[in-house]
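Geometric and topological summary
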Amino acid sequence: MPKIALNYKNKSIGEHQLQKGMSVTIGRREENDVMVDDPAVSGHHAKIDSLGDRFVLIDLKSKNGTFVNEQLIDSHWLKDGDIITIGGYTLIVEFAEEELKATQKTDDFDETQVMSSTAHQRMMARSKPTKSISAVKFWDKSHSGGSVRGIKPPPTEPRKQAPDASGVLTYLAGGIGQVQLQRKITTIGKDRTSDIVVKGMLIDPTAATIKREPDGCYLTYISGLTKPKVNEKPVTDSTRLNDLDIIEIGSVRLQFSSEPSAA
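Residues numbered from 1 in each chain as written. Predicted model: local features only at pLDDT ≥ 70, side-chain atom pairs only at ≥ 80, totals over all residues. Heavy atoms only, no water.

1. Thoughts on the overall build of the chain
To be explicit about the condition: By the criteria applied, helices consist of DSSP H or I runs no shorter than four residues and strands consist of E runs no shorter than two, each listed in order from the N terminus. Using a 1.4 Å probe on the protein chains alone, a residue whose accessible area is under 20% of its type maximum counts as buried, one over 50% counts as exposed, and one in between counts as partly exposed. Contacts were defined at the residue level, with two residues in contact if any of their heavy atoms lie within 4.5 Å. Accessible surface area values rest on a Shrake-Rupley calculation with a 1.4 Å probe, where residue burial reflects the displayed protein chains alone.
Scanning the chain from N- to C-terminus turns up two helices and 23 strands. Burial status across the chain gives 48% buried among its 263 residues. For the chain, contacts bridging at least 24 residues in sequence account for 50% of all contacts bridging at least 6. Surface exposure of the chain reaches about 13,800 Å², of which carbon and sulfur atoms provide 50%.

And the structure:
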């Protein structure tokens, strides 16, 4: 399994093994899997979700942003050598050799906004921390340290692309209100960090996702004994959602409606 190595000022603090089917939360509050005592870090700053054989980093609308290879991201498929910057700390992603193939799949799960590292510094200055960084609590069952390879982040440039379609889900059962599909990918499962939480013994932590594409929103089955249904038909792979489609998973029923693409 891949691991993330936590560093502060080029000093190794610890490492955490990523596991399939499990999410890792990062933030300043103690309930996070990775708790960073940094006033520039939000209480719930970011998370890493396991989706099939791959892992995705998602910013949780943090105040000062989450960066990968010096670019501000909303969401990002993790690759070997990625350098995640949160506050004054870096997390370096390391994949075992046999896992590299899965990370090389092409996918347009791109960032919704890009900002230079200079802009990051200005943003950090505006946050005006009121206390100094004193300690980092890094949860790791083995409490093991480890050296970190010196990895130079690969150069990346913003790419122009067509705006993604958007949509909204309305609860018919198992919840109240609506869910705006504002992220590139929306997770569904019983993990507390899922965008749509579904309870049940047969529901996996991440059971399904809804991904926004230029031509529409796609529901994809990820894992678990309980497969999602669209209009009472089980989804075993991926299916494009149409207006008024009914999505069922566990005790939750949702109705999909499309919205115009953002300009």
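2. Here's the deal with the packing of aromatic side chains
Spelled out, the test is: Here a Phe, Tyr or Trp ring, Trp counted by its six-membered ring, pairs with any other such ring whose centre lies within 6.5 Å, and the pair is stacked when the planes are under 30 degrees apart, edge-to-face when over 60, and tilted otherwise. Any Lys NZ or Arg CZ found within 6 Å of a ring centre and within 35 degrees of that ring's normal is scored as a charge over the ring.
Under the defined criterion, the tally for this structure stands at one aromatic pair. Taking the ring centre of Trp77 as reference, the NZ or CZ of Arg54 above it sits at 4.1 Å.

3. Considering the pairing of strand 1 (residues 3-8)
Strand residues, when the strand is regular, have side chains that alternate between the two faces of the sheet. Cut-off, in case you're wondering: Between any two strands, at least two bridges found by DSSP are needed for them to pair.
Across six bridges, strand 1 lies against strand 11 (residues 89-94) in antiparallel orientation. Along strand 11, the bridge assignment pairs Lys3 with Glu94. Across six bridges, the pairing between strand 1 and strand 2 (residues 11-17) is antiparallel. Within strand 2, the residue paired with Asn7 across the bridge is Ser12. Here strand 1 folds back onto strand 2 in antiparallel fashion, the turn holding two residues, of which Lys9 has a positive phi close to 50°.

4. Some words on unusual backbone geometry
A positive phi is found at Lys61, a non-glycine position, where the angle reads about 55°. By the secondary structure assignment, Lys61 is in the loop between strand 6 (54-59) and strand 7 (66-68). Backbone geometry places Asn231, a non-glycine residue, at a positive phi of 55°. Summarising the element assignment, Asn231 is placed in the loop between strand 19 (229-230) and strand 20 (233-234).

5. Details of the sheet that holds strand 1
Heads up, the rule is: Axis definition: a line fitted to C-alpha atoms, over the contacting stretch in the case of helices. Angles run 0 to 180 degrees between N-to-C directions.
Reading across from one edge, 2-1-11-10-7-8 is the order of the six strands in this open sheet, with antiparallel pairing throughout. Only two strands of the sheet have a single partner each, and these edge strands are strand 2 and strand 8 (71-73). Geometrically, the sheet is characterised by an average inter-axis angle of 30° between neighbouring strands, direction not taken into account.

6. A word on the sheet that holds strand 23 (residues 252-259)
Strand order in the open sheet formed by six strands is 14-13-23-22-19-20, with antiparallel pairing between adjacent strands. In the strand order of this sheet, the two ends are held by strand 14 (178-180) and strand 20, each with one partner. Judged from the four bridges that link them, strand 22 (residues 246-249) and strand 23 form a sheet pairing that is antiparallel. Across the sheet, the residue bridging to Glu248 is Arg253, located in strand 23.

7. Re a nonpolar patch on the surface
Spelled out, the test is: Exposure above 30% relative accessible area and the lack of any salt bridge qualify a residue for a patch; like charges then connect within 9 Å, and the nonpolar side chains Val, Leu, Ile, Met, Phe, Trp and Tyr within 5 Å. Salt bridge, as used here, is a side-chain nitrogen of Lys or Arg placed within 4 Å of a carboxyl oxygen of Asp or Glu.
There is a patch of nonpolar side chains on the surface, built from Met201, Leu202 and Leu225 and spanning about 420 Å² of accessible area. Looking at where Leu225 falls in the secondary structure, it is placed in the loop between strand 18 (216-221) and strand 19.

8. Comments concerning the side chain of Asn32
Put simply, the test is: Counted as a polar contact is a pair of N or O atoms within 3.5 Å, where, for protein atoms, one must be capable of donating a hydrogen and the other of accepting one, and residues adjacent in sequence contribute only when both atoms are in side chains.
Topologically, Asn32 is positioned in the loop between strand 3 (24-27) and strand 4 (34-37). Within the local environment of Asn32, its side chain forms a polar contact with the backbone oxygen of Gly43, the two atoms lying 2.9 Å apart.

9. Let's talk about the pairing of strand 6
Across the six residues that make up strand 6, a large majority, six, are buried. Because side chains alternate across strand 6, one face comprises the buried residues Arg54, Val56 and Ile58, and the other comprises Phe55, Leu57 and Asp59, equally buried. Pairing between strand 5 (residues 46-51) and strand 6: six bridges, direction antiparallel. Paired with Leu51 across the two strands is Arg54, which belongs to strand 6. Where strand 5 folds back on strand 6, the antiparallel hairpin that results is connected by two residues, among which Gly52 adopts a positive phi of roughly 65°. Pairing analysis gives three bridges linking strand 6 to strand 9 (residues 75-77), with the strands arranged antiparallel. Paired with Ile58 across the bridge in strand 9 is Ser75.

10. Details of the nonpolar core
Note the cut-off: In this text, buried Ala, Val, Leu, Ile, Met, Phe, Trp, Tyr and Cys residues form a nonpolar core when linked through side-chain atoms within 4.5 Å.
By size, the foremost hydrophobic cluster in this structure holds 22 residues, and its most contacted members are Leu169, Ile188, Ile196, Ile210, Leu219, Leu241 and Ile247. Residues within four places of Leu241 in sequence aside, it is in contact with Ile210, Cys217, Leu219, Val230, Ile247 and Phe256. Listed in part, the 21 residues of the second largest apolar core include Val68, Ile84, Val93 and Phe95.

11. Observations regarding the environment of Asn69
Tracing the backbone through its elements, the reader meets Asn69 in the loop between strand 7 and strand 8. For the pair Asn69 and Asp82, spaced 13 residues apart in sequence, the C-alpha to C-alpha distance is 6.3 Å.

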